[in-house]
Amino acid sequence: MTYYFGACAGGVWKTTDGGTYWENISDGYFKSATVGALTVAQSDPNVIYAGMGETTIRIDVSYGDGVYKSTDGGNSWTHMGLEETRHISEIRVHPQNPDIVYVAAFGHAFGKNAERGVYRSIDGGENWDLILHENDGAGAIDLAMDPNNPRHLIATTWEAHRHFWTLSSGGPGSKIYRSKDGGDTWEDITNRPGFAQGMLGKMGVAISPAQSGRVWALVEAKGIEGALYRSDNFGDSWERVSPNRDLLHRPWYYMHVFADTTDPDTVYVTNYQMWKSTDGGRNFDEITTPHGDNHDLWIDPQNNQRMVQGNDGGANVSFNGGLSWTTIYNQPTAQFYRMDIDNQYPYRLYATQQDNTSISVPSATEWGAITIGDCTYPGTGESGFIAVHPDDANVVYVGAVGSSPGGSGALQRYDHRTRQSQLINVWPEENTGYRPRDLKYRFAWTFPIHFSPHDSGTIYVGGNHVFKTTNEGKNWEVISPDLSLNDPDKLDYSGGPLTGDSAGAETYASLSTFIESVHRKGELWAGTDDGLIHVSRDGGANWENVTPSDMPELSYVGSIEICAHNPDKIYFAATRFKLDDYRPYLFVSDDSGKSWRSINGDFPTNEITRVLRSDPVSDDLLFVGTETGIFYSLDDGEHWQRMQGGFPVVPVYDIQIKNEDVAVATHGRSFWIADDITPLREMAKKHEVTHGEMLFKPRDTVRQKLHWATGVFDGDGKNYSPAFGVGGTTYLKTMSDGQTKNVHLDVGENPPNGAIIYYWFDEEPEGRVALIFRDHEGEPIIKFTNDKDEKPNKKVPTKKGLNCFVWDMHLPAPTAFDPNLVDKPYEPLAKSGDGRGPRVAPGNYFVELDAEGAKLEQPFKIIKDPRLDTSQEDFDAQFDALLELHEIQDKLHQGVNNLRSLRKQMQALKGKLQRHHQAIAEATDSLIDQFTEIEGTLVNRFKETPRDVLRHPAGLDDTLGELAWVMSISDHAPTSQALEVSVDVRQKVDAQLEVLQGLIDGPVAALNEQIEEAGIKTISI
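Residues numbered from 1 in each chain as written. Predicted model: local features only at pLDDT ≥ 70, side-chain atom pairs only at ≥ 80, totals over all residues. Heavy atoms only, no water.

K.L.:
Help me understand the overall build of the protein chain, please; the structure alone is not making it clear to me.
P.N.:
The helix and strand inventory of the protein chain stands at five helices and 65 strands. Structurally, the protein chain occupies a C-alpha span of about 115 × 75 × 55 Å along its principal axes. Partitioning the intrachain contacts of the protein chain with sequence separation of at least 6 by distance along the chain shows that 54% fall at a separation of at least 24. Total accessible area on the protein chain stands at roughly 41600 Å², and carbon and sulfur atoms take up 48% of it. In the protein chain, 92 positive and 146 negative side-chain charges are present, and the distance between their average locations comes to 2 Å. (Helix = DSSP H or I, 4+ residues; strand = E, 2+ residues; numbered from the N terminus. Contact = heavy atoms within 4.5 Å. Areas by Shrake-Rupley, 256 points an atom, 1.4 Å probe, with all protein chains shown as cover. Lys, Arg positive; Asp, Glu negative; His and termini not counted. Charge placed at Lys NZ, Arg CZ, Asp CG, Glu CD.)

K.L.:
Help me out: how do you make sense of the UniProt feature "domain: Sortilin N-terminal" (unreviewed entry) in the protein chain in this one?
P.N.:
In the numbering used here, UniProt assigns the "domain: Sortilin N-terminal" (unreviewed entry) feature to residues 67-190 and 533-645. This span, residues 67-190, is 0% helix and 44% strand, and a straight line between its end C-alpha atoms measures 29 Å. Note that residues 533-645 is 0% helix and 42% strand, and that its end C-alpha atoms are spaced 35 Å apart. (UniProt positions renumbered as here; feature names shortened; annotations may be inferred.)

K.L.:
Before we go on, may I ask you to explain the sheet that holds strand β45 (residues 570-576) in this structure?
P.N.:
Strand pairing within a sheet occurs via backbone hydrogen bonds; the two strands may be parallel or antiparallel. Within the open sheet, the four strands sit side by side as β44-β45-β46-β47. Their pairing is antiparallel. Taken across any chain shown, the strands that pair with only one partner, and hence form the sheet edges, are β44 (556-562) and β47 (597-598). Of the pairings in the sheet, the one linking β45 to strand β46 (residues 581-589) comprises six bridges and is antiparallel in character. The residue of β46 that forms the bridge with Ile-570 is Ser-589. (Pairing = 2+ DSSP bridges.)

K.L.:
Can you walk me through the nonpolar core in this structure?
P.N.:
Generally speaking, nonpolar side chains in soluble globular proteins are found buried as a group. Grouped together as the largest cluster of nonpolar side chains are 35 residues, with contacts concentrated most on Leu-892, Met-906, Phe-931, Leu-938 and Val-989. Excluding residues within four positions of it along the chain, Leu-938 makes contact with Leu-892, Val-896, Leu-899, Gly-955, Leu-956, Asp-957, Val-989, Gln-992 and Leu-993. Formed by 26 residues, the second largest nonpolar core is a distinct cluster that contains Ile-782, Trp-807, Ala-841 and Phe-879. (Core = buried A, V, L, I, M, F, W, Y, C linked by side-chain atoms within 4.5 Å. Buried < 20%, exposed > 50% of the residue type's maximum accessible area, 1.4 Å probe, protein only.)

K.L.:
Looking at this structure, how should I read the packing of aromatic side chains?
P.N.:
What the rule picks out here adds up to 44 aromatic pairs. Ring geometry for Phe-30 against Trp-77: centres 5.2 Å apart, planes inclined by 75 degrees, an arrangement best described as edge-to-face. In this pair, Phe-30 is assigned in the loop between β3 (23-24) and β4 (35-40) and Trp-77 in the loop between β6 (67-70) and β7 (78-79), connecting sequence segments 47 residues apart. Comparing Phe-30 with Trp-77 shows no difference in burial state: the two are buried. (Phe/Tyr/Trp six-rings, centres within 6.5 Å; stacked < 30°, edge-to-face > 60°.)

K.L.:
Can you walk me through the UniProt feature "coiled-coil region" (unreviewed entry) in the protein chain in this structure?
P.N.:
UniProt records the feature "coiled-coil region" (unreviewed entry) at residues 885-926, using the numbering of this structure. Taken end to end, residues 885-926 comprises 83% helix and 0% strand; its first and last C-alpha atoms sit 31 Å apart.

K.L.:
I keep staring at the packing of helix α2 (residues 872-910) against helix α3 (residues 918-938) and nothing clicks. Help me out?
P.N.:
Contact geometry for α2 and α3: axes closest at 10 Å, N-to-C directions at 150 degrees. Relative to α3, the element α2 lies roughly antiparallel. Our pair here, α2 against α3, has a crossing hand that is left-handed. On α3, the residues touching Leu-892, Val-896, Leu-899, Arg-900, Leu-902, Arg-903, Met-906, Gln-907, Leu-909 and Lys-910 of α2 are Ile-920, Thr-924, Asp-925, Leu-927, Ile-928, Phe-931, Thr-932, Ile-934, Glu-935 and Leu-938. Grouping the amino acids of the contact of α2 with α3 by side-chain chemistry returns 12 nonpolar, three polar and five charged. (Axes fitted to C-alpha atoms, helices over the stretch in contact; angles between N-to-C directions. Parallel < 35°, antiparallel > 145°, perpendicular 65-115°, else oblique. Left-handed = near helix turned anticlockwise from the far one by under 90°. Nonpolar A, V, L, I, M, F, W, Y, C, P; charged D, E, K, R; others polar.)

Take a look at the structure:
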């Protein structure tokens, strides 16, 4: 039931339940995100090798940093070198010795390098030898090992490269090799009888475990030479068994063949579809999978019905040979390109995602978790920009090259009311099979779409020209010349000398980013994928080339950002990684493009820079997205730091700042949000990380109401439903500090539902630290400390540096029932939840940090959900009514504890009485009976476990709890009938407590006098 998969830009994932749920197991260890190869040692399943860098070198391919190894089933990982291999295609491990391992390294995808070919280690990766090297432009692309004779190896090399404008597959460096001595020596068997002739491209190979000497090779070549080949003598001779093109589409992207583990005549090929042959490869039938674009397949060596398969949607498990598969919708590994955010509350995030539809995801839901059912699908945008109408979030404009009909520059206008997508391409000519230079207009895979900040009826689109519409795409106006270099040598066919590929991904010399100044209407900025920046200051009538002279040629301009505080301050981020240049390129102009200066500062020199955003509140706070995460600067680019806080190592393609949040579109780990960057804004004012103790002013906290059933199904194991009727799974994980963290398996995480309090310590305090929350008059509401006996999730953190505490906005819980005063025949299996008091109303509050006697205070506001029309008077009425219930319930609990203590003492007293204490015994029995009668009215004293509520009548305590639900289930003033019931119930509680007090003041006091006269220890009241 245990399987692993490597995400193409999301690390390594593990399931222990056959694919029902997956969890990432490489976070905190890997320094790159993309996994090109993953192998578990057959002789020791605790040993796992991961090769980094995918070799399906599509336009968004990510690169890696060598090999990682785990010896404890993925709990921890160690980097084992080979950093410069960049892209690893396969790893094979000796079936009897986990320390003998082979790595097929493709090498740099965008340039030549020596570190490519087949590597071998005989000491578990401590040392590596390059045992097969074709040349610096051709790397190893597949590697097969005979499990029955692991000295027998087959390897293929591939001559290929990619740039921004082209992909080339095939050349004299593409060959097939074999070794019969474990890789000590190799034979070139490319020209053996029956094998493909002429120039070769990418090749996949497999050795049959079920028949010695049987080898399969899937070969890219010209015409009929491109085919599936089979050898039954370990490559001495070959037979072409199937030239069917459905096995060979887009060879640079697929070319994977897999031999069945128990049947020598069964072979699988993965391509757009997955194919299976049971007659030695001559005929094939489809094995449907949960997603198209199929790549990897693992088949159990002993049971060929058990397999795990990888495709562009994720990983899926089968236990019946592929007749059915587990879902792929339980892996948060979406690869987003560009994003937008609407103006709703809670705001929603929109993005296009590789090999899938565009998606809209809420930033929060009423369930306490974000489920797939909360998402919508605005169009079918796979590749491009996405823009939500500023005034109507139902309308979304989506770039959909590669995932929509419509020809060149597919552009959809989606209306959520009708769920229809209208194609409004600027120029919908067919582009399949054409050279980009032969098209009227060119649109990149990710072409810009931009609403004017001055007129929501104006939309701009960027191709090699800038286009504008004022009628939602019914017609378009060309408002610029060709703003690219328009180099015809870079506008030719893509695919290389063997197989053309015209999906549109390599369409070049076009806009990569566009923005209109928020300060000055008609000031338009455009950046291209071939390294130019232009500006128009008159709505497109005239354009000026303002490209920095010291920016290297052919840089891809990923983003242009205009400072919110200075209309003449312009930032941009660029990259040249597809020219094998992995340095950062960050620039700023202080004079509207007349001059530029680098703001790389101390930015890591091996991090590419995709996107830069300037904070709209704090002048000098910048964020940059890279191949491995996010960096921020507090001083306008002089110094940079990596953002931590649990953000994974992952490519970041887009960043948006919404209110106090930073929202991130990753290309491998879906959406992430940093909730509340207030501390960074405060630090940026000083241009440094703060010194001394500091309490940051909290942002305004929205008093968001969760569904009343949120968490009702939570238990000790997995929790399968956030609320009634809502599917989604989480579980609580206990951390090293005793706190519990909710792990989200197939749902997204809600933001903290409370006031977020940030504070800073230069050194960890040694003494007592407290956070005290006060109302608008300064009266204390609730207090939390770092005391040892504080509940872990309520304990104030006091680590060195930045700390965070979330107040749920509730008053303290009523006094708890003392469990030591109840005799239980057993401990309940079901747990009872922690109680809490009423939630405070919107208004003004204070938080005080008391650190070893040094006190700091900040005001903050709690505001209502902006979707509500509830008045402040109604909120106050609700809180007052709930407070009355809270106070009477607290009195009830204290009363019950008191009477139970008295009764327990009286029961103990009875064991001490002699025959001559008859009067005392009778008085004691009478009081016990009266206490029990009062208890039975106040509580359901027959309730044995928290869920044992249906067998006997409820007590007044239960009634108070239910009444609190009636009043608090929504953000409204209580109904008049609820208030009437409240008065009635509170009066009944008061009446019982008066009877109890009367017994204490009268009969109990009298009993104590009798006891004292008898020389017996009195009852404590």
